[in-house]
Amino acid sequence: MALDATELSSNATQVQQGREFYESGQFVEAVRIWQQAAKTFQAQGDTLNQASTLSFLSLAYQQLGQWTEATEAIASSLKLLEAIKSTNKDHLPVLAQAFNIQGQLQLALGQAEQALLTWEQAAAIYTQAGDKAGITGSLINQSLALQSLGRYRQAAKTLTQVEETLANQPNTMKAIALSSLGNTLRIVGDLEKSRQVLQQSLDVAQQLNSPPDISAALLGLGNTARSQQDTEAALKFYQQAESTAPSPMTRNQAKLNQLSLLLETKQLSAAKALGSQMPAEIANLPPSRTAVYAKINFAQSLTRLKQADTANTPSWTEIGQVLANAVQQAKSIKDIRAEAYALGHLGGLYEQTQQLPNAQDLTRQALLLAQSINASDISYRWQWQLGRLLKAQGKTKDAIASYTEAVNILQSLRSDLVTINPDVQFSFREEVEPIYRQLVELLLQTEGTSKPSQDNLKLARNTIESLQLAELDNFFRTACLQGKAVQIDQVIDKDDPTAAVIYPIILANRLEVILKLPQQPLRHYKTAISQSEVERIAGELRKQLTKPYTLRETQSLSKQVYDWLILPASKDLAASNIKTLVFVLDGSLRNIPMAALYDGQQYLVQKYGVALTPGLQLLGPKSLERGKIKALTAGLTESRQGFAALSNVMLELNQIKSVVPTTVLLDREFTSTAFQKEINAVSFPVVHLATHGQFSSKAEETFILTWDNRINVNQLDNLLRIRDTNRPTAIELLVLSACQTASGDKRAALGLAGVAVRAGARSTLASLWSLDDESSALLMSQFYQELTNTKVTKAEALRFAQLALLQNPRYQHPRYWAPYVLVGNWL
């Protein structure tokens, strides 16, 4: 949080000194100086500068996690400004600055709605005062509040507005503002735009020949390229930032980012060489929060290096000394947040070296400190660490309590996770996902023939559903949209007593499955198999499913998956007269169409309707009004943007038109603008897109092709959600008939769940791989014919369409009928 530039009077050197302490991360010193300055101004009767200094004081208190003091300081500042507004015309810039700081406090306290209103007030005052830099800062802040509230369309518009305001600003302002905008765009997940804007910032900084701005832009570019997994470019940017940075702190940050990226991409010899140059530089950084975080970051990288290659790397004692110095430095500047972080990491090092009592003691100290300042983003880590330590000592009940608390904190953090301090290494796969899986492992752990309790089964199932939601949050880099979600149990117990839900959970050494039958207790079964073996078989099955002439291999592999997921439950399913199986799939199992599982004689689709759901994202149960089915269909038959022509799309759309009333957009007519215009003009319960599309584990690589553009998953919300209150808020059914999952991406089907959620449709029918084949047109035609039958659910309509293909001798291989999966509401 940078301070707004404010004209400081000549006798306000204390304020400037406090500012220097603040900018260097010495917040306790900044508080001390600003407290003195505020008293001085009060004694002099200088109310304006007193108010200004109190707002700065609030900012420093915020950094220290002293929320009560921060609230009191900003309230006093605003009260003083209110008192002088009629007598002092110079109060506007200070008032706008105070509102900006109050907004930051409100957002930090989870009051996003109030923060947005406060920043809107700040922007209005900056506009009145003609302060363009202030307007820009307020707009960037507003976009963060809108993201936090889930109002993505408005957030995107606000950031576009920022870009427009920058066009007319002088270069001196533009470099810093563009850098800030570029970094914000990275946080909200618009990586391509982030890189463009940061490149603009670099160009302007180079024109100004300003080394601080050049190095800041290069560091931002490195971080964005890294998020795009463009390792080579990221390393170059970091090296350039290091060579141009005038400040030791920026130089070290660039080196630390290089080091962690080299380790992440397993370039060990380069990492070892770079790491060996850094100890003295890191040790000599002047005391500040940034310096403490740099030491923690360095120790994390040294730990990774030691784990990967024990020869010629620093000893555990040397790494421990780096962290002990970080703790001491945090104490010396009285920074509780930094101390909590450093102490916890030191506890983690003791855990590495199996000194469990010491590790537990340090972890508890770190946790107490983090809790004392409500630092949830730190607390969840140390609750998790404590859980691991308790588990290692055989204290299962206490471990479960700690893990559960860690998960609860993560639930409350949601989108804040992706904005965790970028100076400290963060990876969802390494630092969030394992917490959920390890808790499930503990909950389902049994000895001998005993079974997990119903409470533990429910908690395990809720935990894995929460992980699904957290994965989507991470995919979108913000808390993903939720409609009025309904618990699946409610749907099965009340609305569809012929459906059952199957939750497979992949753990390190076994595959657990929880089964929910209508109005019955949860059931549970497991297979002793390693995670790597599950992934190997799932990957091989997926490969064989898409090839012709592999029927025997496909059936053999899918029989193995059937035996894990279905066989142990087959008698219970039959006894409960189940017709539809709803899967909440995990990991690499998402890339396999469950309909193709084989019991040795029949495919699953020959016995059951099949649907998928990302668990908690199920929109309220509602069947299509069959007599009123009306579809908007759109497709491409010609080659566009490097994608091949789809020769069977015309046949597919014509066959749909022969079954249900449709409005058709074909080829040149299917532009993003025309599509949005049709969506807004008429309420279509069904939207059918027969065009190239890709699902990926990366949001920026998940898209649908139009004639003139690619609709990114994050833009789907803008295109498909109808906000008009006179119309339904959700499309009933979105069909994506020519999409495919990104090759070589084990988690690509996460993109499919992302599309289903972002589109806001009750149900999404999509293909996991694309076949430009007459079979697609036949299946879709049959599907729509079945949909017009009022007694058939969407899952059954899909099943009957798949069976019609399966019974055709030309299309018996699953590659033709299996890729289509129904996500969301199956009724």
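It should be emphasised that the depicted structure is a prediction, and the values quoted were computed from it without experimental measurement.

Engineer: Even after reading the chapter, I still don't get helix H9 (residues 171-187), so can you show me in this structure?
Structural biologist: Because each turn of an α-helix spans 3.6 residues, side chains separated by three or four positions in sequence point in the same direction. Between its first and last C-alpha atoms H9 spans 24 Å; for 17 residues at 1.5 Å apiece the expected length is 24 Å, and the two agree. Among all positions in H9, only Lys174, Ala175, Ala177, Leu178, Ser179, Leu181, Gly182, Thr184, Leu185 and Arg186 are buried. Just downstream of H9, glycine 189 is the residue with a positive phi angle, here 95°.

Engineer: Please clarify how the packing of aromatic side chains should be interpreted in this entry.
Structural biologist: Note on aromatic pairs: each is described by the distance of the centres and the angle between the planes. According to the stated counting rule, one finds 11 aromatic pairs in the structure shown. Relative to phenylalanine 56, the ring of tryptophan 34 has its centre 5.4 Å away and its plane inclined at 40°; by these criteria the two rings are tilted. Placement of tryptophan 34 in helix H2 (residues 27-44) and of phenylalanine 56 in helix H3 (residues 47-63) is noted, with a sequence separation of 22 residues between them. Comparing tryptophan 34 with phenylalanine 56, the two get one shared label, buried. Between the aromatic rings of phenylalanine 783 and tyrosine 784, the centroid separation amounts to 5.5 Å while the plane-to-plane angle is 75°, which identifies the pairing as edge-to-face. Counting every residue linked through ring pairs, the aromatic cluster contains Tyr22, Phe27, Trp34 and Phe56. One Lys or Arg, arginine 388, reaches over the ring of tryptophan 384 and ends 4.5 Å from the middle of that ring. Taking the ring centre of tryptophan 707 as reference, the NZ or CZ of arginine 640 above it sits at 3.7 Å.

Engineer: Any chance you could explain the packing of helix H18 (residues 336-352) against helix H19 (residues 356-372) here in plain terms?
Structural biologist: When two helices pack together, their arrangement is captured by the angle between the axes and the distance separating the axes. Remark: H18 packs on H19, axes separated minimally by 8 Å, with the N-to-C direction vectors making an angle of 160°. As judged from the angle between their axes, H18 and H19 are roughly antiparallel. Considering only the axes of H18 and H19, their crossing is left-handed. Between H18 and H19, the residues in contact are Ile336, Glu339, Ala340, Leu343, Gly344, Leu346, Gly347, Tyr350 and Glu351 and Asn358, Ala359, Leu362, Thr363, Gln365, Ala366, Leu369, Ala370 and Ser372, respectively. Its residues placed into classes, the contact of H18 with H19 shows 10 nonpolar, 6 polar and 2 charged.

Engineer: Which parts of the structure should I look at to understand the environment of lysine 746?
Structural biologist: If you trace the backbone, lysine 746 turns up in the loop between strand E11 (733-741) and helix H32 (749-759). Lysine 746 gets classed as exposed once you look at its relative accessible area, which sits at 54%. Taking the C-alpha atoms as reference points, lysine 746 and asparagine 591, 155 residues apart in sequence, are found 7.4 Å from one another. Once residues lying within four places of it in the same chain are set aside, the contact partners of lysine 746 are Glu535, Gly587, Ser588 and Asn591.

Engineer: Even after reading the chapter, I still don't get the pattern of salt bridges, so can you show me in this structure?
Structural biologist: Side chains carrying opposite charge are able to pair once their charged atoms draw close together. According to the stated counting rule, one finds 28 salt bridges in the structure shown. A salt bridge links glutamate 29 to arginine 32, with the shortest nitrogen-to-oxygen separation between them at 2.7 Å. On the criterion of helical spacing, the pair formed by glutamate 29 and arginine 32 is a turn pair, its members being 3 residues apart in helix H2. Glutamate 29 gets classed as partly exposed once you look at its relative accessible area, which sits at 26%. The partly exposed category is assigned to arginine 32, whose relative accessible area is 37%. Residues arginine 337 and aspartate 377 are paired through a salt bridge, measuring 2.5 Å at the closest nitrogen-oxygen approach. With arginine 337 in helix H18 and aspartate 377 in helix H20 (residues 376-392), this pair connects stretches of sequence that are 40 residues apart.

Engineer: Whenever I open this one, H2 confuses me. Can you help?
Structural biologist: Relative to the 26 Å expected for 18 residues at 1.5 Å per residue, H2 spans 25 Å between its end C-alpha atoms, a close match to the ideal helical length. All of the buried residues along H2 are Phe27, Ala30, Val31, Ile33, Trp34, Ala37, Ala38 and Phe41. Along its buried surface, H2 packs onto helix H1 (13-23), H3 and helix H16 (289-308). Glycine 45 lies just past H2 and shows a positive phi near 75°.

Engineer: Just checking my understanding: could you explain the nonpolar core for this structure?
Structural biologist: Side chains that are nonpolar tend, in soluble globular proteins, to be buried together. Counting 263 residues, the largest nonpolar core has Ile566, Leu573, Leu581, Phe583, Phe675 and Trp826 as the members making the most contacts within it. The element contributing the most residues to this core is H16, with 9 residues. By size, the runner-up hydrophobic cluster in this structure holds 6 residues, among which are Leu116, Trp119, Ala145 and Ala155.

Engineer: Quick question: what am I supposed to make of unusual backbone geometry here?
Structural biologist: Leave glycine aside and you will find that most residues have negative phi; peptide bonds, for their part, are mostly trans. Within the chain, asparagine 209 stands out as a residue other than glycine whose phi angle is a positive 55°. Structurally, asparagine 209 is set in the loop between helix H10 (191-208) and helix H11 (211-227). Phi is positive for tyrosine 549, which is not a glycine, with a value near 60°. Relative to the helices and strands, tyrosine 549 resides in the loop between helix H26 (531-545) and helix H27 (551-565).

Here is what the cut-offs are and how they apply
Residues numbered from 1 in each chain as written. Predicted model: local features only at pLDDT ≥ 70, side-chain atom pairs only at ≥ 80, totals over all residues. Heavy atoms only, no water. Helix = DSSP H or I, 4+ residues; strand = E, 2+ residues; numbered from the N terminus. Expected span 1.5 Å × (residues − 1). Buried < 20%, exposed > 50% of the residue type's maximum accessible area, 1.4 Å probe, protein only. Phe/Tyr/Trp six-rings, centres within 6.5 Å; stacked < 30°, edge-to-face > 60°. Lys NZ or Arg CZ within 6 Å of the ring centre and 35° of its normal. Axes fitted to C-alpha atoms, helices over the stretch in contact; angles between N-to-C directions. Parallel < 35°, antiparallel > 145°, perpendicular 65-115°, else oblique. Left-handed = near helix turned anticlockwise from the far one by under 90°. Contact = heavy atoms within 4.5 Å. Nonpolar A, V, L, I, M, F, W, Y, C, P; charged D, E, K, R; others polar. Salt bridge = Lys/Arg side-chain N within 4 Å of Asp/Glu carboxyl O. Core = buried A, V, L, I, M, F, W, Y, C linked by side-chain atoms within 4.5 Å.

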